Amino acid sequence: MSTAQLVVQHLPYLRRYARALTGSQMAGDAYVAATLETLVSEPETIGPSGNVKVELFQVFTRIWNSLSVNGRSEQIQRDLPAEVRLGQITPLPRQAFLLSCLEGFGEEEVSQILDVDTKTVRELVDEAGRELAADMATDILIIEDEPLIAMDLEALVEGLGHNVTGVARTRTEAVKLASAKQPGLILADIQLADGSSGLDAVNDLLKAFEVPVIFITAYPERFLTGERPEPAFLIAKPFQPANVSAVISQALFFQQSARRRETRAATA
């Protein structure tokens, strides 16, 4: 398999990481596009004998940390949450946290991607966990048709300090539960018990109120094609508890950041 084919194989996961890091599909994909442009102009950056995925994320990290790309691309600058660049939550710990907990890289790999030693990686992950967990407890609606998975999710989010408002197995149940008590975040499976879609259920709910949504699917690559609007936050089955924790923290962080910006704009 050629280097180009190997890069394409890892692109869905780079896009997932990019949008979790930036908080939006548009900004994340803009950074991924800039990464691919760099690979075209510097093909020697990734070699067939190395770890292509690690090297791909290395190039992305160089782009993400580059002030020049922000100055050059109006799209990235406009869509990027101000808190990322202003450092209200430190960028490097968040990168380490997501690379480890969301993307599943080992400490040595994260160390290579971020160009820091493994001791620093551990410190960064711990720091990010503390920052992201602070003052973020909320009510969560779970839309999941598999009882064991629903129970695991319920125990996990409650262990993170959140409250589960209910577990829905179908689109109809989800709408009913959300109408009874509006959640602060939704965790939604994409394929539900009665053949209905978690995507449709979420679209119904978002007509009534705005809330961050995290989708769960056994086939994340089907929803990271770039051919249609895609979930900003996506967890692959089978999931690891650390993955769910990382993505919930990111989703709530960006929601709170948006609310702070709205408050500042209203009082300005």
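Reading the values: the criteria
- Residues numbered from 1 in each chain as written.
- Predicted model: local features only at pLDDT ≥ 70, side-chain atom pairs only at ≥ 80, totals over all residues.
- Heavy atoms only, no water.
- Helix = DSSP H or I, 4+ residues; strand = E, 2+ residues; numbered from the N terminus.
- Buried < 20%, exposed > 50% of the residue type's maximum accessible area, 1.4 Å probe, protein only.
- Contact = heavy atoms within 4.5 Å.
- Areas by Shrake-Rupley, 256 points an atom, 1.4 Å probe, with all protein chains shown as cover.
- Phe/Tyr/Trp six-rings, centres within 6.5 Å; stacked < 30°, edge-to-face > 60°.
- Lys NZ or Arg CZ within 6 Å of the ring centre and 35° of its normal.
- Pairing = 2+ DSSP bridges.
- Axes fitted to C-alpha atoms, helices over the stretch in contact; angles between N-to-C directions.
- Right-handed = clockwise from strand over helix to strand, strands pointing away.
- UniProt positions renumbered as here; feature names shortened; annotations may be inferred.
- Parallel < 35°, antiparallel > 145°, perpendicular 65-115°, else oblique.
- Left-handed = near helix turned anticlockwise from the far one by under 90°.

## Quick look at the overall build of the protein chain
Move 1: Looking only at helices and strands, the protein chain features 13 helices and five strands.
Move 2: Burial statistics for the protein chain: of 268 residues in total, 50% are counted as buried.
Move 3: Relative to all contacts within the protein chain whose residues are 6 or more apart in sequence, the contacts with residues 24 or more apart total 68%.
Move 4: Approximately 12700 Å² of the protein chain is accessible, and the part contributed by carbon and sulfur atoms is 52%.

## A closer look at the packing of aromatic side chains
Move 1: Using the criterion set out here, one finds five aromatic pairs in the structure.
Move 2: Ring geometry for Tyr 17 against Phe 57: centres 5.4 Å apart, planes inclined by 50°, an arrangement best described as tilted. In this pair, Tyr 17 sits in helix α1 (residues 3-22) while Phe 57 sits in helix α3 (residues 52-64), placing the two residues 40 residues apart along the sequence. As far as burial versus exposure is concerned, Tyr 17 and Phe 57 are alike and both buried.
Move 3: Measuring from centroid to centroid gives 4.9 Å for Phe 57 and Phe 105, while their planes differ by 70°, and the two rings are edge-to-face. Of this pair, Phe 57 sits in helix α3 while Phe 105 sits in the loop between α7 (91-101) and α8 (107-114), and the two are 48 residues apart along the sequence. One exposure class covers both Phe 57 and Phe 105, and it is buried.
Move 4: Put simply, the rings of Tyr 17, Tyr 31, Phe 57, Phe 60, Trp 64 and Phe 105 pair up and form one aromatic cluster.
Move 5: Between Lys 53 and the ring centre of Tyr 13, over which it is positioned, the NZ or CZ distance is 5.3 Å.

## Notes on the sheet that holds strand β4 (residues 213-217)
Move 1: Here five strands make up an open sheet; going across it, the order is β2-β1-β3-β4-β5 and the pairing parallel. The open sheet has two edge strands with one neighbour each: β2 (163-168) and β5 (234-236). Across this sheet, the average inter-strand angle for adjacent strands is 20°, counted without regard to direction.
Move 2: Note that strand β3 (residues 185-189) and β4 share four bridges and pair parallel.

## What to know about unusual backbone geometry
Move 1: Residues Lys 237 and Pro 238 are joined by a peptide bond in cis, for which omega reads -5°.
Move 2: Tracing the sequence through the fold places Pro 238 in the loop between β5 and α13 (241-267).
Move 3: For Asp 115, which is not a glycine, the phi torsion comes out positive at approximately 60°.
Move 4: Among the secondary structure elements, Asp 115 is positioned in the loop between α8 and α9 (118-133).

## Side note on the pairing of β2
Move 1: With five bridges joining them, strand β1 (residues 139-143) and β2 adopt parallel strand pairing. In the sheet register, Asp 139 faces β2, and the bridge partner there is Asn 163.
Move 2: Between the parallel elements β1 and β2, the chain passes through helix α10 (residues 147-159) in a crossover that is right-handed.

## Considering the UniProt feature "modified residue: 4-aspartylphosphate" (unreviewed entry) in the protein chain
Move 1: According to UniProt, the positions carrying the feature "modified residue: 4-aspartylphosphate" (unreviewed entry) are Asp 189.
Move 2: Looking at the element boundaries, Asp 189 is found in strand β3.
Move 3: For Asp 189, the contacting residues outside a window of four places in its chain are Ile 143, Glu 144, Asp 145, Gly 198, Ile 216 and Lys 237.

## Quick look at the packing of helix α11 (residues 171-180) against helix α12 (residues 198-206)
Move 1: Taken N-terminus to C-terminus, the directions of α11 and α12 make an angle of 25°; their axes are 9 Å apart at the nearest point. Looking at the two axes, α11 sits roughly parallel to α12. Where α11 crosses over α12, the two elements pack in a sense that is right-handed. In contact with Arg 171, Ala 174, Val 175 and Ala 178 of α11, α12 contributes Asp 200, Ala 201, Asp 204 and Leu 205.

## Some points on the environment of Ala 150
Move 1: The topology assignment puts Ala 150 in helix α10.
Move 2: Ala 150 gets classed as buried once you look at its relative accessible area, which sits at 6%.
Move 3: Other than its neighbours up to four places away in sequence, Ala 150 contacts Ile 142, Glu 144 and Val 167.

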